[in-house]
Structures are given as structure tokens and as C-alpha cells.
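Residues per chain are reported as follows:
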Amino acid sequence: MMAKNKELRPPTYSIGVVGLSGTEKEKGTSGVGKSCLCNRYVHPKADDYYPEHTSVLSTIDFGGRVVNNDHFLFWGDVNHTNEEGTEYKVQIIEQTEFIDDQTFLPHRSTNLQLYIKRAAASKLQSAEKLMYICTDQLGLEQDFEQKQMPDGKLTIDGFLLCIDVSKGCNRKFDDQLKFVNTLVAQLAKTKKPVVIAATKCDECVDHYLREVQAFATNKKSMPVVETSARFHVNVDLCFATLIQLLDKTRSKPKIIPYLDAYKQQRQLVASSTDKFEKLIVQAVKDYHSEWKTVSNKLKNHLDYEEYITLEGTKKAKNTFSKHIEQLKQEHIKKRREEYIALLPKALNTLLSELEEIEHLNWSEAQSVLEQRPDFPLWFVVLEKTPWDETDHIDNMNDKRLPFDLLNTSEGEKVYHNHVQHLISERRRLEMKEKFKKHLEKVQFITPGKPWEDVLCFVMDNEACKFITEADRRDVYSKHQQEIVEKAKEEFQELLFEHSELFYDLDLNATPKMSEINTVLGEEPRYRALQKLAPDRESLLLKHIGFVYHPTKETCLSSHNCMDIKVEQLLSTNLIEFDNNRPNIYQDSANIDKLNLVLLGRDGLAQELANEIRAQCTDDEYTLDGKIYELDLQPLDPNTFVMSGLTSTSTYQPHGYFCVYNSTESFSCMADCIDLIRSESTPNRKGRFIANLPFTLILANQRDIGCKNLPVLRLQGQQLANKLQCPFVDVPPGTYTRKFHEFQIKQALRGLLEALKHRLNVVSPLPSIKDLSEADLRIVMCAMCGDPFNVDLILSPFLESQFCSAAQPGHTNSLLLEKIIGEKRKRIQITILSYHSSICVRKDELVHGYILVYSAKRKASMAMLRAFLAEVQDVIPVQLVAVTDSQADFFENEAIKELMTEGEHIATEISAKFTAIYSLSQYHRQTEVFTPFFSDVLEKKNSIENSYMYDSNRESTNATEDFSLSPRTSPLTYNNYPDSEDDNEAPPPYSPIGDEVQLLPSSSDRSKHRPDFEGTEYPVHSSPVGNHDNHKVPPPIKPKPAILRHDVRKLDPNLVKTIEQVIGKNPKRHNRGPFGYTDDLDQSDNYCVPRDAVLKPKIDDEIYSTPQVSKTKIIRKPNLIGGNNSQGEEENGLIDKISKPPIIRKPSKYKYKSKTLFRKAKLYYRRRERFDVSDDETVPSSSRKPKKGKTHRGSEEDPLLSPENCGKAGIDNPAIASDPEVEDGRRHRKDKKPAKPKSQKPNKKGQKPTLPSRRNWDSNYFGVPLEDVVTPDHPVPYFIERCVEYIESTGLSTEGLYRVSGNRTDQDNIQRQFDQDHNIDLVAMDVTVNAVAGALKAFFSDLPDPLIPYNLHSELLDAARLMDRTEKLNALKELLKKFPAVNYEVLKYIITHLNRVSQQSKTNRMIADNLAICFWPTFLRPDGLTNAALNQSAIETFIQQYQFLFHNGEIAETFTPPEEPCTGQLVEPLLPLPSLPPPPPPPPSQQFQTQMQTDQLDIM
């Protein structure tokens, strides 16, 4: 019972390991491998295997607890699990014989039997005997694992007989066999199983092994297992074989030969090694890593554990060390390659002069290198060498070259290559320069001529043969740039020389392109750009745009603009005049420190800050002659919290520079601006919120290219229009940096202008009289780009001790105190460019003009003539010619001619003339202008009277206009809030800035009256007769803004083209529009006819001037003769007021000077070729249109626009121009009169007449479809090229086919295609919208619409069907009636439009939007057609193109939710920050806006 209750223990087998043992004489110098075999079996890990086990022990070790005075060792036990899952234990006993290290005889023990009998003993006993591990354990048992032999006694179950088959040392194999034979006989007596283990098979002798096998065969087939303890081969197999003999229930293991087992073991080790090496490579990347750290990191990894078990820690560490060394060598190699790659750059910098090093060897060159000042910047001299064995290899922050590297062969090789490169580069540059000079001599080369056309003329040149093709093209490209730039400069000068052609009267009469090209076509400078016709046209359009929008920012002379130069000069040479204004104005005029917040994500703000600092000197930036201290605070919205950016207690920003270069950065920037504005709203008055000093800056895209640049530019311009802030575009040209110096200067100028404007809005100019009020107001005009210094013409004033600055804000003016006659007078002199003076000439009171021109420049004289021709002849004029010396008059015929012409004009108009010489000191004195000032003072009263009568006349006309016309422009207001509509035009502006104000504002002027000295004082209602001096002029009334309905304005297409050429919208100034008037001929009057007030019946011309309390009648004598007494008696007011002075009606100087009139008449005569003929003495611009003939724009003349075009004029360039829209507007405008003449409506199928949109002859465009297709090519090639370009580059363009492209680009595309059908649209660098517009224009130009007229009624019938399937079948049947050509083209373009609609998520063009854009083009309907049904039909074509054209299935249409188009022609590309609504416009503007909205809805 007790036995059954005992727990079952796993079986235990005790195995005795026996073999040859004894003294060295008996067993030789080494044993047979019993201990190694036991060690490998009991401790299989490689780290626990000890190859050395000795049997020679001291007496102490022999008596220790491990040996315990016995001649056997207890190796411990091993637990195993068999195949059936049964556990068993194996105990190992090694029978040996220990030798005394003193006597070299066997130790004496309790068992005195011989080894053979002891080894065969089946029962062993030894109390407290410890497990043996290794020889080092003896005497140090406490340092090793201590495990006692169980119960102190064991019973041996089987024997493992070890026979050494290697070549033994001092031992004969036959003697071993004899010993083994005796031992086997003794073991047989125990009747225990015996297995022979052939040990040391890794060093096996074959015949020894065969003898062992034969021996085993003779002993009743005793098993033989070939083993190797060193390589761990078949060690477990030999013990397993013995255990199977002890337990017959176990399956018999297969005995594997040594070679096969060794191969398997090596494969296992090799696989483990590969895995371990890969693991080391993955885990160790730094050669500074240590084994201890890495082993702790990998100790739980299976590959690591397997390798440690098989090979051991020592080999693993060796593998790790090899990998570390490899990493170090790779690092050194990489650093060496970096140094060698950097060495040529260092040599190019330090040894760039070939003459200095051409004859030096490498060692001498090294000495020269060390003497260079920049040597420490490129090289480092190390204390220890070589460099690759020092810590310098780990100094990654130091990129300098170790100087000892130069002593290597690689360094010397680089030096010799550097010398050879300098020699070849010198030769190459010489040949390039020689080739350049040869090109300059070839007269055949003209601007724009391609290299291929020139190649055959220059290939025989020696220099051309020497240099490479790339160098040849580079030299030719630079030569072309030079001659093109020179030709463009000469062409621009040509345009200035024909100033009378452009500066026509009030700038309202628009010149015709055909007229301009006819005039200029006679000039060689015009024909020089014949091959660059698009560039020439762009320059011409840019010039026209500047004429109509002249500002110093868009001046064609750029930095040579006279306004900029004058501002710089006066700001540095004049002392500001203290006008007792608030301190805020003193601060605005003397801002010397700017706090700027730079906003931009992804490091853009920091890059902008670095660029600005790079242009600063100690954080001081020089701009326009003034030094500003800049405090920059770059902020990245992704890094910093944006709250609290508007202002803090320690930092008050003056402005925000917001920079972006992608759609993502633009969205982030817009969010930041919205946050800043929301934080600043509580701190600001509501109407000043739009004046936050933001500046939007578009950064350059170095790695993306220019595809997204138009989209980003449009986004920035839209946001800038909403915020009423500056937008700084990417300047033209190619450069590597993200920010250009021009952008930074433009942004800072815009910020200063914004600050000045904000201060003027918050605290306007005081209206009371101040000390700076002038007696005379003189305007000095000079042309931008004239070849003389500004200080030369200003020196007569600046060198006077009585010269001071004008009022704050008048940056182009100065005050001069001068004694004229017997009194001291204060003269305000405003120095302006001619383009800025034009509006001053029209709108301001000017007592005299000083007109300066350069006697070296024809354009300067032409500009003077154009300006002077329109000046009223009552205003005195001083002409000033500028040249170097008096000798120029006699030595240079051109200078003599211009000076003579100036003096002749002065004689004709009775003006003053003088010359200023840069080499003379006399003309630097103020006395040179004293006679002119005296003349002006004498005529002051008559000048002011003429100005006042002109003002009153325009005021009366303006009142009538306001009462009669609903389209009168409303008065402007100073501050414009944010607009919710991106298409809303910015407010009207003046071509000159607010600083160019010669008089106080109109509102101030209406409240004051000038005295004798021109000083204004408040006006009181008092009888006219109470005035002591009747010569006092009546009060000056403000000149209201007048909208002329018969004034010709710029066509929107041209405005859009001009703005694209200029690159940005002209700066808008918050200034009311000037009351521009039409040109007046000699019969026009300056005062209101008296019968307009009192209706007297007299023969004299009587003019009245409305007064505050009375009406003053001014009589003009009848020049023919007659009695005036009757008229005076009939007028009851004549007796109550005194007779006023007789005022001569002023004319213009062009009617007093034959020279001026003759120059102008040349252009007028040319104009008569295109206009209705009239009297040649009257300019055509003053003629009135014939009754019943309305003036409308045409495609042939893009400069003319429809009459009464509302917001589509020059003030609203945002309105898109589309041929269909323009035709629709013109059609509705013609229908608008209440009682139109009876006209017969167009019959169905009748072709409406269309104006030609081209101004060139074409054999491809505007011809029937049949003429441009072939049976093999049923679709016109032009359509295919456009569609391929759009689908490859612009399917995702927002507003595709809705937003119009540049009209000039569209025409250029068609022109180029006319010349070459293989044009490359990508190379033309045109926008996708321009190509789309050219494609639509192709269909618009067809003689017949794409959908024939005779099928329109059937199309409408099909569109009316309610059932979708019935409608689709009807449309499909209708398509079968199409002409074959029309069907193929419609099929092709509808398929393309469907692909466009598939991208509606990005381009916002669903099928409905595309149908709106294309149905007028495809159908070309008359005014009676049903627009909704036509649009629905085209939409169905696009949606069901598979069914209708490709025999596919009916598609399930789904229109994505999208806001309907309500007439907005240009939509914002991204949602912009929410902005406060604008104030309601005046009623007249509301009426005008409503009218336009209704028109768009109808369309």
C-alpha cells in the first residue's frame, strides 16, 4: 500500500565513463578525452566547456571534497525528456586515476585495487563528495556551485568506454587496445551494457577508427559512436545509445557517422553565426558602443542566446569587436572622402590665382596656404598625427580639414588637379571672351534670333571650335540678354520720346493700339524687337499701364524715379519744420526703430529674419537714405502659442510680415492673421480694423518650381485686398534664395506708408492757419532717369539759408523764404516727376511750373512738351535745360538742337528759359529763379481767379450730374473696411501719394478763403459789397468727383493684361478721385453762362459765380461789338454789386506754341486715319460722338471699352473678362433704352453676325471645321494640343474654364500656332487658364457654331422631356443628325469636359458649371433662346458622355454639394479669415451694384 502511495519519480540512470588512465608512462602526455566528453554532456553551453582537465593533483586537492580521496569524479546529473515526453535523469561518474604531483605515482586511497577493477565496480560510495566542474574548482570549492553526490553512494547501470582514435602523444594505439580489451573483459563480468565512444574524431586516424569498429564487432556487436567533445559532435548520441540499452522500451537512436554529424553541427553553427552577426549590425550603429551594454541589451534575444550556447561569449565578443572596428574604419573612410571632396573648394578659395601657384610644388603650396588669413577657417593643425588616430575623427562639429591630410598622396593629387583646372579654366575663359567679341562683330545677330540660326555663321571661328556646346550656348545666351536688354531700353526710350502719343489730355482719351504700332513701326528701335513681338507688346502694355496708373512704386525707371530720389535727398538735407502738431506726427516723421513680428511656418519666419539681418549692419537697416533699427521677432505658428501677439507690456510691434510659400503655409498664415485681428479688435476703433499693419510676402520656391506660383500669387492678392494691406510678390528672374532684397525693401516701404497713413487717419491735419502756409506754390517737374543728379537742380534752393522742410507728410516739398520786391514771401516748392505732376496739374492750385529737362536726352524734351501742352496758359512757366557745360552747346549738335528747341518754346509762350551746368557754380544760387518768382507773384490773382472759376463750373456741372444720373460715383471715404467679395475693386486712388498735396483737402478749402497772400481764413456770410478790396478772389469751392459718361476708359481686358505685365496691382491711396474733365477746345468756357442762373437776354457772354449770400455777375465784353447797357438795365442785380475784373478765358500752351501744336498735330492726323475726319486744328479727342452711334469695344481694338461700363473700367481690374460675358453685357446694354428702334428679331437658324476677335490674318482660326480636319485626323490639332496640355498640367486648377486667362497670352498662343503647329505650350510658360481661354476662343471664332443652328429647336425639345431615359434617347438620336466633323469634335471636347468634372473636388467645376461656361460657345444663341434648357442639354452631354457618345451605360449622376455660382467670376481659392462687413454704400452705388448683379443673373 505504501508503495502505491509513493509519488512516481523519474527514472535515474548512473553511467560510468571509463577508459585508459594512469601515469604518463601508461596513457601518454594527454588522456583519452573522458573528462571533456563528460563536461560537454553535463554542461553543453560553450561558456561552461573547459578543454583542459588534469589528473595530476596535489595531496591537498586530492583530499578535498571534490575528489574526496577517490579515483573517480562525480560530474552531476542531467535531466532529459524522451520522445514520449517522459522525464529521466542521468548521473555521470568518471573513473580515472589521480597522480601525485610530487611522486608522480597514483594517490593512495581507501580502495587499493587497480584501475581496471575499480572501473568495473558497479557500486560506489563516498560521503559528502561534491560535483566536479573544472580543475580551477579544486581548493576554491566555495566559489563554484556545490552539489553533493546523492546519498553518498551510487549504483552504476552501464558503462561508456572511451577510446581515443587520434594520434596520441607518446602512446601507442595497440597498447591502448590491449588495455581496453582487458577492461572490457572486466566490465563483462558486471553484465552491464557497454557502449564504445570513439573520442577525438576531429583528429581521427582512419585505421584506428576501423580497428575500434572491428574490436567492437568481435565483442558481440558492441555499439560504437564517433564523437568530438571539442566540436560537440555526437556527445549526446553516445549517452542516449547507452540509455536505450538500459531501457529497451525506448526507441533505438540512429548512430550517425562523425562526418555527417559534424556537417550538421557546422551548419547549425553557421546559421546561428549569421543571425548573430545580423543582429549585431542592426543593434550597433556607433563604433563607440561597449560590449557590456550591447550584451545586456541583447541577452533576451533568441539569436543571441543560441549563438552564446553554441559558440560562447568569447567568440560573440570577438564578433562584436570586429564589427566595431569595421564601423570605425567606415567612419574614417567617410570623413576622409568628405575632406578630399572639400579640399578642391578650399584650394579654389585660398589658391585661386593661377599666376601665384602655377610653378609651385605641393610642399611649397602648403607653405603658401599657411600664410593665408583664411587658413584657420579651412584647416586645423592637430597636435597628434595622423588625424585618423586622434579624437578629431569624432569632432563632427568641426568641418575643417586636418592639415596632415595634405601630406597624403590623395591631397597632392587634388592639388595637381586644381592647378590643371585653373589652367584649363583660364584658357576656356579666354576663348569664351574671344567668342563673345566675335559675336559682337557679327551684324547678322539681332535680338531674339535663336542659336540654331546663328550657328552656321560662327562655327568656323577658332574660339567657337575650342569651347563646348554648353559654353557656346551660354555665351550666346548672355550676348542675347545684353542685346535684348539694350534693345528693350532703347524701345522704352522710344516710347518716352513719343510721349505726346500717350500723355493725351486728361488721360481719359485712350490711344489705339493700331495707331501706336503705326507710329512706332517707322522706328528702327521698334523693328529691333521684331522677333520678340510678345516682349515688345508687353513693354508697350506696361508703358500704357504706367501712363494710366503712374506711381513711384511702378515707375519704369525703378530706383531712378525722380520722386524717390527727391524724397531721399530732402529727408537728409532738410530740417523738419515744427508745425506745433501733435507729438504723434513728430514720431511718424522720425521713426527710427521698427518692431517687426515675422510669421511663417516650417522655418520661413526664421529664414526671413536671417535674410533681413544679413542685410543689416548691427541690426540697423538703411532704406531710402534713412537708417532704421530693426527688432525682429520670428514666430512659427507650429511651435509658439499665438495668443498675445498683438502687443505686450514689453513689446509693441509696428507691423507683421506674414510669409508663405505653399498652400499649407498660406492657410496657417491666414489663421494667424484672423487670430491677431480678433485679439486686436477690442483695442481698436471699429473702422480702423482694416488698417492693421500686415504685409503679405510670397517666398521663392527653389525646389518646387513655378507651377503653383500663380495660384499662390492669386491667393495672396485676394487676402491682401480683403485686409487692405500690401502684397509683396516674388520678383522676376532666377535666384537661389527664398527672399530677395527687393522684397524686403518693398515690404518695409509698405509698412512705413501704412504707419504714416494710420497716423493721418487717426489725427488729420489741423485746419487752422499754421506757420508753414505758403504765399506761392510752385511745382518743379523733372523726368525720371535723366542723366543728372537731383541735387544739381535743387541746389539753388537747398544752399539757401532760408530753406526748410514743408509740412509733415509733404516729403517732396520744401519751403523757401525769399524777398520779392520789397516783401519777404514764403514759397512752397514741390519737386515731382512728370508722371506725378499730371494729376497736380489737373486738381491742385499751382502758381507756376519749373520744367526741367536734360539737354542730352530727347525723351526728356518730349515729356516736357507733352506735359506743357496741357498746362493753362495763365500759369507762368520756367524752362530749365541741364547739361554739363556751355561748351556742349558748341561741340554737340544733339545738345544744341534740344537747347535751341527749349529756348524757342519758351519764346513762343513767353516763358522764362535758363540752363544749369553741372560744372558751374553760378547756377547753384537762388537768384537764377528770381525773375520767375516775380512774374508768378504778379500773376497770382489772375491764376487763382481762373482756378476758382474752373472749380465753380465743375461744381455746378457735378450737381447736375448727381441729380440726373443714377450711376454717379459716390464720394470716397478715407478708410475702406474689409470686403466680403474678392472681386470687389479697391477704391479709386491717385497716381501720386498723399504726401504730394499742394493744398489742404477740399473739405478744409471750402471752409476757408484766401487773402492777398494766399492765406486762408474762415468764410462768413456777408454782403459782397462789404469787402474793402474787390480784388479779393471769391472763396475756393471743393472740386467734387465727377463721373463722365462720355469718357473713354480702359478696357477690362487691357487692364488685366497690364496688371499681369506689371506684376502687381498699383498701390491704392485713400484719396478721393480727381474731377477729371474732358479736353476743351478754344470755344469752351470756364464759367457758367449767366442764363443758367438769371436767363438774361443780352448779346454779351456773361458768366456767374455762385456766392454764399449773393450772386456775382461777371461780364465778358462782346469782342464783335454791341451795346451792353440794355442787358445791364434788365438785370436787377447789376446796381447792387460792383463790376468785377474782366477775366480772360484761359487756353492751353499748345495753342500758343507752334512747336507744341505741330508735335501734337502729327499724332492727331494719324488718329484721323482711324476716326471720323474733322477740322485738323481740333484734336480728335475733343470731338463728340455722332448721334445714334454708340462707342463700343471691339476685339480688334483691345484698348477701347464699352461706354458707361460701370465697374468694368480701370478702377476694377478684378472683374474677369470673357468674350461671352462681354457680348452679353453689350447685348443687354443695347437693349436697355426704353424705346429702341424697331428691329426684326433673328429667325431660328439665322446666323448672327459676330465681330472678329483677332487683329491678324489667320488661315486656321475662324475658318470652317472642314478646313482644319482630315479623314485620318477628325479632331483639329489645335484642340488636341490644348486639351493635352490642360489634362497634363491643370485639371486641378480651380475655376478652370470659368476664370479667364490673359487675353494677350491667348492671342499669342493662336499666333504661334498659326506659324508653327508644333508649338510647345509648356515652353511658352503660359497659364492653364490662358490655354483654356484660347480653346474656347477657337470655338467662338468658328463661322458656324459647333451645334448647328438647324438642330437648336430639336435640342430644346429633347431638353424639355421630363423622363430621363426618353430625354437621353432623344439626344442620342439628335447626335446622329450632326455633321460628321461636328460630331467628332463635340464627342472629343465633351469627353474632355467630363474628365474636368471628375476633378470637381479640386477645380470646383462640376458639370453644371462647365455647362454654364460652354453652352453659349457651342450654341451661339440669339437673345430669344431658353438659356436654362440649353445649359441643361450641355450638362446632360457632359454627365452622360458614355451613353451618348461611347454606347455605354446610363450613368447615375450626382452633383456634389456646392454653393451655387451667383455671378462671382473669380472665387477665392481658400477660405479666408472672416472679416467684418463693409459699411453700406451710398444709394447710387447700391443701384449700380444691383444692376450688375441682375445682369449676371440673367446671363
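For clarity, every value in this text was computed on a predicted model and none was experimentally measured.

Here's the deal with the sheet that holds strand β17 (residues 694-698)
At step 1: The six strands lie next to each other as β14-β15-β13-β16-β17-β18, forming an open sheet whose pairing is mixed. The open sheet has two edge strands, β14 (620-623) and β18 (727-728), and neither has a second partner.
At step 2: As paired elements, β14 and strand β15 (residues 626-635) share four bridges and run antiparallel to each other. Across the sheet, residue E620 finds its bridge partner in β15, namely E629.
At step 3: Sheet strands in contact with helix α26 (residues 604-614) are β13 (593-599), β14, β15, β16 (655-660) and β17, and its direction is about 160° off that of β15.
At step 4: Across the sheet, helix α28 (residues 709-723) is in contact with β16, β17 and β18; its angle to β17 comes to roughly 175°.

Looking at the sheet that holds strand β23 (residues 848-854)
At step 1: The seven strands are arranged β20-β21-β22-β19-β23-β24-β25 in an open sheet whose pairing can be described as mixed. Two strands lie at the open edges of the sheet, namely β20 (803-805) and β25 (912-917), each paired on one side alone. The average undirected angle you get between the axes of adjacent strands in this sheet is 25°.
At step 2: Bridge analysis of strand β24 (residues 877-883) against β25 gives six bridges, and the strand direction is parallel. From the neighbouring strand, L879 faces β25, where its bridge partner is F913.
At step 3: On top of the sheet, helix α34 (residues 893-908) reaches β23, β24 and β25; it is set at about 150° to β25, its chief contact.

Focus: the nonpolar core
At step 1: Core analysis: the largest hydrophobic core is formed by 113 residues, its most contacted members being M780, F797, I829, Y849, L868 and F933.
At step 2: With residues near it in sequence (within four places) discarded, F933 still touches L776, I778, F797, L816, K818, I820, I827 and I829.
At step 3: Y88, L124, I133 and V194 belong to the second largest nonpolar core, which has 75 residues in total.

With respect to α28
At step 1: Taking 1.5 Å as the rise per residue, α28 with 15 residues should run 21 Å; its terminal C-alpha atoms sit 21 Å apart, in good agreement.
At step 2: Buried within α28 are the following residues: L709, L712, Q715, G716, Q717, Q718, L719, A720, K722 and L723.
At step 3: Downstream of α28 by one or two residues, Q724 has phi in the positive range, about 55°.

Focus: unusual backbone geometry
At step 1: At the junction of T385 and P386, the peptide bond is cis and its omega measures out at -5° in the coordinates.
At step 2: Positionally, P386 belongs in the loop between β11 (379-380) and β12 (401-402).
At step 3: If you check the backbone angles, F104 has positive phi at about 55° while not being a glycine.
At step 4: Assignment of secondary structure puts F104 in the loop between β5 (99-100) and α5 (115-119).
At step 5: The class for F104 is exposed, based on a relative accessible area of 53%.

Concerning the packing of aromatic side chains
At step 1: Here the structure, examined in full by the defined rule, presents 44 aromatic pairs.
At step 2: Seen from their ring centres, Y1297 and F1414 are 4.9 Å apart, and the 70° between their planes marks the pair as edge-to-face. With Y1297 in the loop between α42 (1277-1289) and α43 (1303-1315) and F1414 in helix α50 (residues 1407-1419), the pair connects residues that are 117 residues apart, well separated along the chain.
At step 3: Cluster of aromatic residues (ring-pair linked, three or more members): Y1260, F1261, Y1277, F1278, Y1297, F1313, F1338, F1339, F1414 and F1418.
At step 4: If you follow R250 out to its NZ or CZ, it ends over the ring of Y88, 4.2 Å from the centre.
At step 5: The ring of Y526 has R536 sitting right over it, with the charged end atom 3.9 Å from the ring centre.

Looking at the pattern of salt bridges
At step 1: Applying the stated criterion across every chain, the model contains 48 salt bridges.
At step 2: For the salt bridge of R400 with D398, the shortest nitrogen-to-oxygen distance reads 3.0 Å.
At step 3: Taking relative accessible area as the criterion, R400 reaches 28% and is therefore assigned partly exposed.
At step 4: Residues joined in a network through salt bridges with shared partners are E452, E469, R472 and R473.

Cut-offs applied
- Residues numbered from 1 in each chain as written.
- Predicted model: local features only at pLDDT ≥ 70, side-chain atom pairs only at ≥ 80, totals over all residues.
- Heavy atoms only, no water.
- Pairing = 2+ DSSP bridges.
- Helix = DSSP H or I, 4+ residues; strand = E, 2+ residues; numbered from the N terminus.
- Contact = heavy atoms within 4.5 Å.
- Axes fitted to C-alpha atoms, helices over the stretch in contact; angles between N-to-C directions.
- Core = buried A, V, L, I, M, F, W, Y, C linked by side-chain atoms within 4.5 Å.
- Buried < 20%, exposed > 50% of the residue type's maximum accessible area, 1.4 Å probe, protein only.
- Expected span 1.5 Å × (residues − 1).
- Phe/Tyr/Trp six-rings, centres within 6.5 Å; stacked < 30°, edge-to-face > 60°.
- Lys NZ or Arg CZ within 6 Å of the ring centre and 35° of its normal.
- Salt bridge = Lys/Arg side-chain N within 4 Å of Asp/Glu carboxyl O.

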